[in-house]
Structures are given as structure tokens and as C-alpha cells.
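# Coordinate analysis (summary)
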Amino acid sequence: MRILVCVKQVPDPQKVRMEETTKRIDRRGDSMISPFDLYALEGVKTLRDAGVQVHATAVTMGPAQAVTALHDSYASGADDCLLLSDEAFAGADLRKTALVLQKAIEKMEEKDGPFDAIFCGAKSIDGGNSMLPAYLAQLLGRSHAAYALGCRMTGDGEALEILKENDLGNQVYRVPFPCVVSFTKNSQEPTYPLIERIITASSMDVPVLNAGDIFGDQQIPQAQTAVDSFEYRDMRRGSLIVNDKDQEEGARKLAKMLYDAHVL
Amino acid sequence: MNEKKNVMVFAETMEDGRLSGSALGIAGAGARLAALTGCGLDVLVLGRDNGEAIRGLSAYKIDRIISVEDPFLTPGNIDVYVKELSKISEKFSPSALLFPMTLYGRELAPRTAALMGAPVISDCVACDTTPEGKIKWTRLSFGGYISAGVESDYEGTRFVSIRPGIFEKPEKTDGEPELIREEADLDKADLKSVLMRTIKKAAQGMLAVEDADVIVAGGRGAGGSAGFKLIRELADVLGGAVGASRVAVDKGWIDHSALIGQSGKTVAPALYITCGIAGSIQHITGMRNSGCVVSINTDPRALIFDVSDYGIVGDLFQVLPVLTEEIRHIKAS
Ligand SMILES: Cc1cc2nc3c(=O)[nH]c(=O)nc-3n(C[C@H](O)[C@H](O)[C@H](O)COP(=O)(O)OP(=O)(O)OC[C@H]3O[C@@H](n4cnc5c(N)ncnc54)[C@H](O)[C@@H]3O)c2cc1C
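All chains use their own residue numbering, which begins from 1 and follows the written sequence. Lettering for chains starts from A, numbering for ligands starts from 1, and both go in the order in which the items are written. For this predicted model, a pLDDT threshold of at least 70 governs which residues receive local features, and a threshold of 80 or more governs which side-chain atom pairs are given and counted, while totals over whole chains, interfaces and linings are taken from all residues.

### Things to note about the overall build of chain A
Starting at the N terminus, helices and strands are each numbered in turn, a helix being any DSSP run of H or I of at least four residues and a strand any DSSP run of E of at least two. Along chain A, the regular secondary structure elements total seven helices and 13 strands. Viewed in the frame of its principal axes, chain A has a C-alpha envelope of about 70 × 50 × 40 Å. Among the 264 residues that make up chain A, the fraction classed as buried is 48%. Here the contact rule is simple: place C-beta atoms from the backbone, and any two residues whose C-beta atoms are within 7 Å are in contact. A fraction of 67% describes how many contacts in chain A between residues 6 or more apart in sequence connect residues 24 or more apart. Any residue with 12 or fewer other C-beta atoms within 10 Å of its own C-beta is exposed, any with 20 or more is buried, and the rest are partly exposed; the C-beta atoms used are placed from the backbone.

Following this line, the structure appears as C-alpha cells:
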């Protein structure tokens, strides 16, 4: 079966800055593959471990340096990669990103045949709105499941069985092909890639599709929402920390502090 | 002149038909937007039997409740919710349609918006008008490090998802909202992804973190169910709920419904007490808007202390029993 894995390169959350003029995230600094995406790649591995023949293609939309997220994807099991990159894609909001991906997926499918499944991370940790997979699924008119903890092929081979994280108790969904599934963190750490694959990945050439390749002479979609101001917020608080040798005495002190400050 | 279009809020309901914990807060965000734009507020309820939810809404200042009832409308059937939501959105074409940023809301908002060709402004925590009279939403990204003001020129219904636990409920009133009942026309064929079974039912009857004014949360330091028993005792004395870090949930010490953070819930109680939680960015994301943060941790350099108002360097197994007892005393006197 053919699986497309959508990944995203994100800035290191501890060091992120915004560009003052464009009000966009500055994507030139330290970056990494969004950690949830590794669970999507792990989903591919789960299927393979269960004996399913999978060809996995990783795709990302982003600036040229986003190629490192594809290198990481290759190292973690993708068979080939594709970068969607063009000045015209910058500043994309949810809808624009989904429309570019939709069109690019249609192009890829025309060329190499349909994808049975599209795997995504449950959210990217920069925008972090976790809505792209669902939006894309609906644009493509495919079945969808979010917050997958794991997946397996159904007996009839026509669907994935998805274990979905949910407040009311985890749920099992039957999600027929073709489908879009987003993966969340589960209790297993993603498998660390083989060193040979990391080395191969770092020197691989990744094909690029630009706006012209994807949209031809059709109009490129425009973002309909825009950030017009931003501020950095200081997360630190002025902490009053009790650090007594006698911890029980400390606990009493803490209770009194909370009472005196009208916290209780 | 066109008549002003109302703001519409999707009220999330639970399996048993009651309003979910976040619903009234999202209605409050709707009330705020309606007041800013000088229009009315509609609340939409979709379910099998909406009696309970409608009763839960009727004491509040809401202009109209739009109710759709159908046996297919149970929370697990996400596909049919999307169909119904887009039908209602088309029929009423509200100026904005607000969703909670919950597990369900995060699926329903983008899927419905995609069908309607609309953008989504997500994870909003505040709403204001600009000097030019445009609506500006504030959203947080990077775990709250950055807050951004977002505007949209989109002319149709705007889809907005609201972070739960931030906005106040709408005002109360004596007058009842007008009730509009809409027919559903749903069919088994509308359902693509089918819920086969639920693995483990979460504990019933516990106060949910999103409803609580006080949360006592445990992490790896709690070590297991014995630690969580101490945490539950403190929560009980404070009339609060129990929360957890990812590690505690992954280890099965507590239900996923208690998970706070990037892959779980975002909460903002008046008091948030952490016990054996390190303070990873993924956890802080979910609780940094809490009123007062108190932390218990054996490591004086734990990051959690940076985002705490009060703390104690100590072993939670020693600190919690005494702290709970002291607080019980204070509460009693
Ligand atoms: C994609 C992704 C999503 C994630 N989403 C979330 C999320 O939503 N929520 C979340 O919480 N995490 C999330 N995480 C995990 C996060 O990165 C951390 O691993 C996790 O928050 C750590 O949990 P912890 O603080 O309980 O454990 P640890 O980091 O192990 O910290 C335990 C702390 O307890 C202290 N301690 C130990 N024993 C005691 C004792 N007896 N008394 C007092 N203190 C003690 C230690 O000093 C330490 O500070 C996510 C990770 C990834 C990759």
C-alpha cells in the first residue's frame, strides 16, 4: 500500500522568534521535525512490522531548509521525499496550507497512483492548532481519524483499525481507505533511526515542486487570516520556594503561606 | 441594509446528553463577540436527546437555542456531526461559528470549515475590536510564549475555536431563549469512520479538570497509584480535580481525561498544584494561565519552580500528608 506522511519543520520552541515586519515565525534559526510527526512515521513502521508492504513518501511544505525534516523522515522510514517550496507559499494559514497540500497530492497521485492513507502528526508544535489533517481530509473527501495511538490493517484489508485517544476511554474506529489519520504521542518512544539511514538521508537529493509545478496557470490560494501583532510573554513567576531540611515543617510553612496569601 | 447576522456557538455535549464542561465558557466567548459586534447570540445543540443541554443553557442570556435531535447524533459519529454542522451553518449563515478547542472541537471546526470553504482562527483566548472597528482574536502559540493578534478579511461565516476555561459564562437572565428545532436528515451512509468499541470507560462521577477551580496534578514523581491516592486526598479537601502529566497517563496511573498539556487539555483554574512534575514545555503549555501555581518537587532546580508562585523542595510522600492535613484544618476553622 502507498502512504503519504505529511511532516513539518518547526523552530526550536525554546528559541523561537518572530519576524518584526512580516509578523511571521522566523524559520531561519534552530529547527527540528515536529515531534508528533515521528509518531506518524512510527505508524508506518507498525504496519510494516505486522507484515504489510508499505511504500511511504514524506512530504512537507516549507522553505528550502525544511528539507531537514524530510531527511529526518527518511531516516525514520520514509522511502522517498518531496518538498513543496515557493515564495508564494510563505505566510500560509490553515486553509492555504491545506489547499496547497491537496493540489500537490492530486499531482502526486496522477503521476504515481493513489495513496491509500495519509498520515500526519496530531499537531505541529509551532502553530499547534492540530487542525490541518482534518481540514485536508475534508478537502480530499476522505475518511478521517484524529489522535491515533496506533493502527493496524483490518481483516478484509479495506480499512485501518485506529486506536484513538479519547477522554471517555480510548476508542477503536474502522477507517476505510482512502483515509487521513493523525497520530498523537503514545507511551512508546519513537524508534531511533539506524545510523546508516541518518547518513544516507543527510546527503540525499530531495525533489522540489514549486507553485508553478503544482498550480500551473491556476491561481495560488491566498491566506485569509493574518497575524497583525504579537508579543512575547514571560512565563516565569516570582516564586517563593520553601526549602527546609524538615519537610513536614516545610509543608506546614507552605500551608500558612498559602493561607496568608488568600490562596486557600 | 442587511440585517445583522448572529454569532453562533456550537455547544459540545457528552454521551449522556449533558453539556460538556467547556460549553458555557464558549457560549461566553460568543456573548462577548455578539456584544462587540452588536448582534444576537445563537447556541447550537446537536444530539440524540437535547433536553438536558437545553435546560443547562436556558438560564443564560442567549437569544436563540437551535436544537437538532437525531439517533445518529452521538459524539462518536463525527462524520454526521460535520454534515449537520455544515447544513446549519449554511442555513443560518452566522457571522461567526465558535467551537471549543477540545478533542471533538479540533475535528469538527476544521472539517466543517473545509466544507464551507472558510478559514479557521484557532485556540483563541481573547477577542477585541481594533480602532478601525475590525474584530481581532488573540491566540497563543509555542506553548504560550507568543501571543498573536489575528484578523481576517473573510466575508463568510468565520470559524473560530476557543480555548476552554478562559472566557466567563454568559450573564444569567430570567427570560428564556427562543427555541428553534431543526430536522436532521441523516443516514447510515453519512458515516465513514465507524466507532467499533470503547476500550476502557473512564471513571464516572469525578470532577473533570476543565470544570475545576482547583487542580492537583501528579507526574512521574507520584510513582504510581499510592502517590495518586495522596494527590486525590488533597484534591478532595480543596474540592478540586486531579490532573496529570503525560508520563503518569502513559503509565496508566490515571485516565487520559486528566492529561494536561500539549497532547492533552489546556486549563486555567484559580489554583494549580503540581506534585512530582518536572515542568516540561509540553506540560506548561496546558496550565500556564492558571491563577496561582504551587509546586512540590524534590529537585530545587526543577523547571516547574520557574513558573510557580509558591513551591516546596521536598518528597511528595512526606509533604502531601502534612499539607493536606494542614489545609483541612484551615478549611475547618
Ligand atoms: C509530542 C509530545 C507531546 C507531549 N505532550 C505532553 C502533555 O500533553 N503533557 C505533559 O505533561 N507532557 C507531555 N509530553 C511529555 C513531556 O515532554 C515530559 O516528558 C513530561 O511532561 C514529563 O512528565 P513528568 O514531569 O511527570 O516527569 P519527569 O520529567 O520524569 O519529572 C518528574 C519530576 O518529579 C520529581 N520527583 C521525583 N520523585 C519525586 C518525589 N518523590 N516527590 C516530589 N518530586 C519528585 C523529579 O524531580 C522531576 O522533576 C509530550 C512529549 C512529546 C514528545
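### Quick word on the interface of chain B and chain A
Counting residues at the interface gives 73 residues for chain B and 69 residues for chain A. For the side of chain B that touches chain A, the element with the most residues is helix α4 (residues 105-116) of chain B, which contributes eight residues. The class makeup of the residues in the side of chain B that touches chain A is 37 nonpolar, 18 polar and 18 charged. For two strands to pair, DSSP has to find at least two bridges joining them. Inspection of the sheet shows strand β12 (residues 225-232) of chain A paired to strand β7 (residues 146-152) of chain B by seven bridges, in the antiparallel sense. The residue of β7 of chain B that forms the bridge with Y232 of chain A is I146 of chain B. Residue type decides the class: Asp, Glu, Lys and Arg count as charged, Ala, Val, Leu, Ile, Met, Phe, Trp, Tyr, Cys and Pro as nonpolar, and the leftover types, Gly among them, as polar.

### Considerations on the domain arrangement of chain B
Interfaces are frequently sized by the accessible area removed from exposure as the parts join. Residues and elements named next belong to chain B. Along its sequence, chain B is organised into domain 1 (7-190) and domain 2 (209-332). Between domain 1 and domain 2, the residue contacts involve eight residues of the former and eleven residues of the latter. Within the side of domain 1 that touches domain 2, the residues separate by chemical class into two nonpolar, five polar and one charged. For each domain, the first and last residues come from an automatic or database assignment.

### A look at the sheet that holds strand β14 (residues 292-297) of chain B
Spatially, six strands are ordered β13(A)-β15(B)-β14(B)-β13(B)-β11(B)-β12(B) in an open sheet, and the strand pairing comes out parallel. The sheet terminates laterally at β13 (240-242) of chain A together with β12 (241-244) of chain B, the two strands that pair on one side only. On average, adjacent strands in this sheet sit at an angle of 20 degrees to one another, irrespective of strand direction. Bridge analysis of strand β13 (residues 271-275) of chain B against β14 of chain B gives five bridges, and the strand direction is parallel. Only the stretch in contact is used when fitting a helix axis, every axis being a line fitted to C-alpha atoms; angles between N-to-C directions are given from 0 to 180 degrees.

### Details of the sheet that holds strand β1 (residues 2-6) of chain A
Taken in spatial order, the ten strands of this open sheet run β11(A)-β5(A)-β4(A)-β1(A)-β6(A)-β10(A)-β7(A)-β8(A)-β9(A)-β10(B), and their pairing is mixed. Of all the strands in the sheet, just β11 (208-209) of chain A together with β10 (194-198) of chain B have a single pairing partner and so form its edges. As paired elements, strand β8 (residues 159-164) of chain A and strand β9 (residues 171-176) of chain A share six bridges and run antiparallel to each other. Directly across from I162 of chain A, in β9 of chain A, lies its bridge partner Y173 of chain A.

### Let's talk about the site of the ligand
Put plainly, near means the residue's C-beta atom, positioned from the backbone, lies within 6 Å of the molecule or strand in question. Neighbouring residues of the ligand: 31 residues in total, closest G219, G221, R246, G261 and A278 of chain B. The environment around the ligand is built from residues contributed by chains A and B. Elements represented by at least two residues in the shell around the ligand include exactly α1 (35-49) of chain A together with α6 (246-250), α7 (281-284), β14 and α8 (316-332) of chain B. Per-element tally for the shell around the ligand: the top contributor is α6 of chain B, with three residues. Residues belonging to the shell around the ligand are distributed by class as follows: twelve nonpolar, 14 polar and five charged.

### Focus: the packing of helix α4 (residues 132-140) of chain A against α4 of chain B
Taken N-terminus to C-terminus, the directions of α4 of chain A and α4 of chain B make an angle of 35 degrees; their axes are 8 Å apart at the nearest point. In terms of crossing hand, the pair formed by α4 of chain A and α4 of chain B is right-handed. Residue-level inspection shows A134, Y135, A137, Q138 and L139 of chain A of α4 of chain A in contact with α4 of chain B, the latter providing E107, P110, R111, A113, A114 and L115 of chain B. Of the residues belonging to the contact of α4 of chain A with α4 of chain B, the class tally is eight nonpolar, one polar and two charged. Handedness of a helix crossing follows the sense of rotation of the near helix relative to the far helix, less than a right angle counterclockwise being left-handed and clockwise being right-handed.

### What to know about α4 of chain A
Among the nine residues of α4 of chain A, nine are classified as buried, and the element is accordingly described as predominantly covered. Listed in full, the buried residues belonging to α4 of chain A are L132, P133, A134, Y135, L136, A137, Q138, L139 and L140 of chain A. Here the buried face of α4 of chain A lies against α3 (94-112), β6 (117-121), β7 (143-153) and β10 (179-183) of chain A together with α4 of chain B. G141 of chain A occupies a position one or two residues after α4 of chain A and carries a positive phi of about 70 degrees.

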